[in-house]
Amino acid sequence: MNAGPVVTVLCDGVEPDAEHLRPVVEQADVRCVDGAGLADALPGTDILFVSDFRSTALPGVWHRADRIRWVHVGATGVDAVMFDELIDSEVVVTNTRGLFDQPIAEYVLAQILNFAKDVPESLRLQQRHEWRHRESERITGATVLVVGTGSIGRAIARLLRAVGMRVRAVGRTARVGDPDFGVVATDLHAELPAADYVVCVTPLTPQTRHLFDAGAFAAMKPHARFVNVGRGESVVTDDLVAALRGGALAGAALDVVDPEPLPVGHPLWDLPNVVVTPHNSGDFVGWRAEIVAAFADNFQRWASGRPLSNVVDKKLGYVPS
């Protein structure tokens, strides 16, 4: 057995990429378990790598952790591992901030173009072998409100500016002259009426839970579209359905929903102005290997006594910019 630290990797049934994990294996005793095996693996664990970042197993078995010093999450969002005992402990939490920024920004642009060019209707007409001339919208000059000013929000803003869209943002701190957002405001409801597209990319915190409710949707333009790549719990789902059915909102692209996965028979599946994807906006080909590589890089920092990258403020629930 390796005499180094004990590293437990919480997996979803897919073994972590061996090549990228090799620098860790060479210096540590590595255990790979799924959620069912986590309780038995935690005693003696020094470092927990949450590769299965959608797992909710950790809070229920945390009492079994007797010497964990560091938890690394293979995603940007860390809400699945943020519970009082961990927050109040001395354990350091890091995430994989930055890896998914550009893929998610590309997803947002794709969904905006999908709405503006009405791709779903084109596909429906093609399936009916129907040649019908139609006009589409331009996205150049349209206003996008990005709600959430972390690294993913910045990547979204840069990409949308590059195609000629006007970008503003809502965040925790107001400022002007921001290099990516231009103006950052703090009053969501004051900003919503001017937006043609609203992109939610907030982490899930007590302040962002149910941020988008009936009042928020009522404040938006009837022709506006809503794109959610943050967390489903930031939205009151019934209020979103009502807004879409009632014409208060023209469409929604949802990579995250509440509940998740979306149950069979839920009205969001069948609304004609809704696109639902299975929480995969950042999952590019090769992402599993990349999150292992990011963990291995941070492990090398830890092993050599250097400061860890992407340390999460556990009270805030994200890495401060």
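Just so we're clear, the structure is a prediction, and the values are computed from it rather than from any experiment. (Residues numbered from 1 in each chain as written. Predicted model: local features only at pLDDT ≥ 70, side-chain atom pairs only at ≥ 80, totals over all residues. Heavy atoms only, no water.)

Participant: What exactly am I supposed to notice about the layout of surface pockets here?
Facilitator: Any space left empty among the atoms is revealed by the rolling of a water-sized probe across them. Counted as a void, the second largest pocket has a volume near 210 Å³. Residue lining of the second largest pocket: Asn114, Phe115, Asp118, Pro120, Arg124, Arg225, Ala250, Pro272, Asn273, Val274 and Val275, and that is the complete set. For the lining of the second largest pocket, the elements supplying multiple residues, two or more each, are helix H5 (101-116), helix H6 (119-127) and strand S13 (274-276). Its residues placed into classes, the lining of the second largest pocket shows 6 nonpolar, 2 polar and 3 charged. (1 Å grid on protein atoms, 1.4 Å probe; cavity = no way out; pocket = protein on both sides within 12 Å on 5 of 7 lines; lining within 4 Å. Points joined across faces, edges and corners; volume = space filled by probe spheres on them. Helix = DSSP H or I, 4+ residues; strand = E, 2+ residues; numbered from the N terminus. Nonpolar A, V, L, I, M, F, W, Y, C, P; charged D, E, K, R; others polar.)

Participant: I would appreciate a short explanation of the environment of Leu268 in the present structure.
Facilitator: Here Leu268 lies in the loop between strand S12 (251-254) and S13. Classification of Leu268 by relative accessible area gives buried; the value is 1%. Through-space distance from the C-alpha of Leu268 to that of Leu42 is 39 Å; in sequence the pair is 226 residues apart. Not counting chain neighbours up to four residues away, the residues in contact with Leu268 comprise Thr237, Leu240, Val241, Leu244, Leu254, Val257, Leu262, Val274 and Val276. (Buried < 20%, exposed > 50% of the residue type's maximum accessible area, 1.4 Å probe, protein only. Contact = heavy atoms within 4.5 Å.)

Participant: Mind showing me how you'd approach the side chain of Arg225 here?
Facilitator: Note on placement: Arg225 falls in strand S11 (residues 225-228). Arg225 sits in the buried class, given a relative accessible area of 11%. Polar contacts involving the side chain of Arg225 include one to the side chain of Tyr197, which spans 3.4 Å. (Polar contact = N/O pair within 3.5 Å; in protein donor to acceptor, adjacent residues only side chain to side chain.)

Participant: Mind showing me how you'd approach the domain arrangement of the chain here?
Facilitator: The extent of an interface is frequently quoted as the accessible surface area lost upon association of the parts. According to the domain assignment, the chain contains domain 1 (6-98 + 285-304) and domain 2 (100-276). Listed by partner, the interface residues are 10 residues for domain 1 and 6 residues for domain 2. Contact between domain 1 and domain 2 buries roughly 660 Å² in total, counting both sides, with carbon and sulfur atoms accounting for 53%. If you sort the residues of domain 1 by the area they bury against domain 2, Thr76, Asp79 and Gly98 come out on top, with a joint share of 58%. One can count 1 salt bridge joining domain 1 with domain 2. With a shortest N-O distance of 2.8 Å, Asp79 and Arg231 are connected by a salt bridge. Joining domain 1 to domain 2, the criterion identifies 3 residue pairs in polar contact (both at pLDDT 80 or more). (Domains from an automatic or database assignment. Buried area = accessible area lost by both parts, 1.4 Å probe. Salt bridge = Lys/Arg side-chain N within 4 Å of Asp/Glu carboxyl O.)

Participant: Looking at this model, I keep getting lost on helix H10 (residues 237-246). Mind explaining?
Facilitator: It helps to recall that an α-helix has 3.6 residues per turn; residues three or four apart then point in one direction. What H10 keeps buried is the set Thr237, Leu240, Val241, Ala243 and Leu244. For H10, the arc enclosing every buried residue in end-on projection is 165°, short of the 170-degree limit, so these residues lie on one face. Opposite the buried face of H10, by more than 90 degrees, sit the exposed residues Asp238, Arg245 and Gly246. The inward-facing, buried residues of H10 abut helix H9 (214-219), S11, S12 and S13. (Arc of directions from axis to C-beta.)

Participant: Would you mind showing me how to read the UniProt feature "domain: D-isomer specific 2-hydroxyacid dehydrogenase NAD-binding" (unreviewed entry) in the chain here?
Facilitator: Under the local residue numbering, the UniProt record ascribes the feature "domain: D-isomer specific 2-hydroxyacid dehydrogenase NAD-binding" (unreviewed entry) to residues 109-280. Within the segment residues 109-280, helix and strand shares are 28% and 19% respectively, and the terminal C-alpha atoms sit 15 Å apart. (UniProt positions renumbered as here; feature names shortened; annotations may be inferred.)

Participant: In this structure, what is going on with the sheet that holds strand S2 (residues 29-33)? I would like to understand it.
Facilitator: Pairing between the strands of a sheet comes from backbone hydrogen bonds, and it takes one of two forms, parallel or antiparallel. Ordered in space as S2-S1-S3-S4-S5, the 5 strands form an open sheet in which the pairing is parallel. Strands at the two margins of the open sheet, each flanked by one partner only, are S2 and strand S5 (92-94). Across the sheet, the axes of successive neighbouring strands diverge by a mean angle of 15°, strand direction being ignored. (Pairing = 2+ DSSP bridges. Axes fitted to C-alpha atoms, helices over the stretch in contact; angles between N-to-C directions.)

Participant: Explain the pairing of strand S7 (residues 166-170) here, please?
Facilitator: Along any regular strand the residues' side chains alternate between the sheet's two faces. Here strand S6 (residues 143-147) pairs with S7 via 5 bridges, running parallel. Bridge assignment links Val147 to a residue of S7, and that residue is Val170. Handedness of the S6-helix H7 (residues 151-162)-S7 crossover: right-handed. Of the strand pairs in this sheet, S7 and strand S9 (residues 182-185) are connected by 2 bridges, and their pairing is parallel. When the sheet's bridge partners are listed, Val170 is paired in S9 with Ala185. (Right-handed = clockwise from strand over helix to strand, strands pointing away.)

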